[in-house]
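# Descriptive analysis of the structure
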Amino acid sequence: REKDLTSKKPHTTMIIGTLENAERYYPLHPGFKPLFEFVKGNDFDKLPAGKIYLQGKDVFVNNATIDPKKAENQPLEMHRDYIDVHIALEDGEVFGWKPIENLSREGEYNAAKDCALVDDPAEIYVTLKKGDFVIVYPEDPHAPNIGTSAIRKVIGKIRL
């Protein structure tokens, strides 16, 4: 199933929110409610690192501590099969985004990882605080994990 990521119109735009207002986004996809309710109801410092399946491979989270990258060393990534939800467990992650129309090229897609990487720089950067989240749809080129110290986060995946 081959799709040209750059041809989707209209494109979506990165959504930035807080866990306390997450219910506002439940109508966008049936996977948002179980994902956000699980995140709000658990202490991720007491859960194992790695993947936690909520609805099989349709909705799952990754409890992660990630080595930070410099903005200039973090390529944009795009997906085809999943919506990403990045949820900050601590302050400090910088998250980059770029409109798909502004990409210089599309990266080669790796189906096993559901990811295409593009070496373009992001155009917009936001700094997340504990409890903030970012929702990015497949057509949202994004650069996560930018910072100066280890990044504690939950990465939710919701199959389209």
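The following paragraphs examine the structure supplied in this document. (Residues numbered from 1 in each chain as written. Predicted model: local features only at pLDDT ≥ 70, side-chain atom pairs only at ≥ 80, totals over all residues. Heavy atoms only, no water.)

## Re the side chain of Asn-63
Residue position: Asn-63 is located in strand 3 (residues 59-66). Note on Asn-63: relative accessible area 3%, which makes it buried. A distance of 3.0 Å separates a polar side-chain atom of Asn-63 from the backbone oxygen of Phe-44. At 3.0 Å, the side chain of Asn-63 and the side chain of Arg-152 are in polar contact. Not counting the four nearest positions on each side in its chain, Asn-63 is found in contact with Phe-44, Leu-47, Pro-48, Ala-49, Gly-50, Leu-89, Arg-152 and Lys-153. (Helix = DSSP H or I, 4+ residues; strand = E, 2+ residues; numbered from the N terminus. Buried < 20%, exposed > 50% of the residue type's maximum accessible area, 1.4 Å probe, protein only. Polar contact = N/O pair within 3.5 Å; in protein donor to acceptor, adjacent residues only side chain to side chain. Contact = heavy atoms within 4.5 Å.)

## Remarks on the environment of Thr-13
Tracing the backbone shows Thr-13 in the segment before strand 1 (15-18). Judged by its relative accessible area of 43%, Thr-13 is partly exposed. Here the alpha-carbon distance between Thr-13 and Pro-141, two residues 128 residues apart in the chain, equals 9.6 Å. Once residues within four sequence positions are removed from consideration, Thr-13 is found in contact with Trp-97 and Asp-140.

## Quick word on the sheet that holds strand 12 (residues 151-159)
The six strands lie next to each other as 1-10-5-12-3-2, forming an open sheet whose pairing is antiparallel. Two strands lie at the open edges of the sheet, namely strand 1 and strand 2 (50-55), each paired on one side alone. Within the sheet, the average angular offset between the axes of one strand and its neighbour, ignoring direction, is 20°. Examined bridge by bridge, strand 5 (residues 82-88) and strand 12 share seven bridges and lie antiparallel to one another. (Pairing = 2+ DSSP bridges. Axes fitted to C-alpha atoms, helices over the stretch in contact; angles between N-to-C directions.)

## So, the pattern of salt bridges
Across all of its chains, the model carries eight salt bridges by this definition. Between Arg-152 and Asp-45 there is a salt bridge whose closest N-O contact spans 3.2 Å. Placement of Arg-152 in strand 12 and of Asp-45 in the loop between helix 1 (32-40) and strand 2 is noted, with a sequence separation of 107 residues between them. Residue Asp-84 is joined to Lys-157 by a salt bridge in which the shortest nitrogen-to-oxygen separation is 2.5 Å. Note that Asp-84 is positioned in strand 5 and Lys-157 in strand 12, a separation of 73 residues in sequence. Asp-84 gets classed as buried once you look at its relative accessible area, which sits at 1%. Overlapping salt bridges bring together Glu-23, Glu-37 and Lys-40 as one network. (Salt bridge = Lys/Arg side-chain N within 4 Å of Asp/Glu carboxyl O.)

## Things to note about the nonpolar core
Counting 22 residues, the largest nonpolar core has Phe-32, Leu-35, Phe-36, Val-85, Ile-87, Phe-133 and Ile-135 as the members making the most contacts within it. Of all elements in the fold, only helix 1, strand 3, strand 5, strand 10 (132-136) and strand 12 reach the threshold of two or more residues within this core. Among the elements that take part in this core, helix 1 stands out by supplying four residues, more than any other. Apart from residues no more than four positions distant in its own chain, Val-85 is found in contact with Phe-32, Leu-35, Phe-36, Phe-133, Val-134, Ile-135, Val-154, Ile-155, Gly-156 and Ile-158. Of all hydrophobic cores here, the second largest spans nine residues; its members include Met-78, Ile-100, Val-118 and Ile-146. (Core = buried A, V, L, I, M, F, W, Y, C linked by side-chain atoms within 4.5 Å.)

Fair warning: the whole summary comes from geometry, so function is off the table for now.
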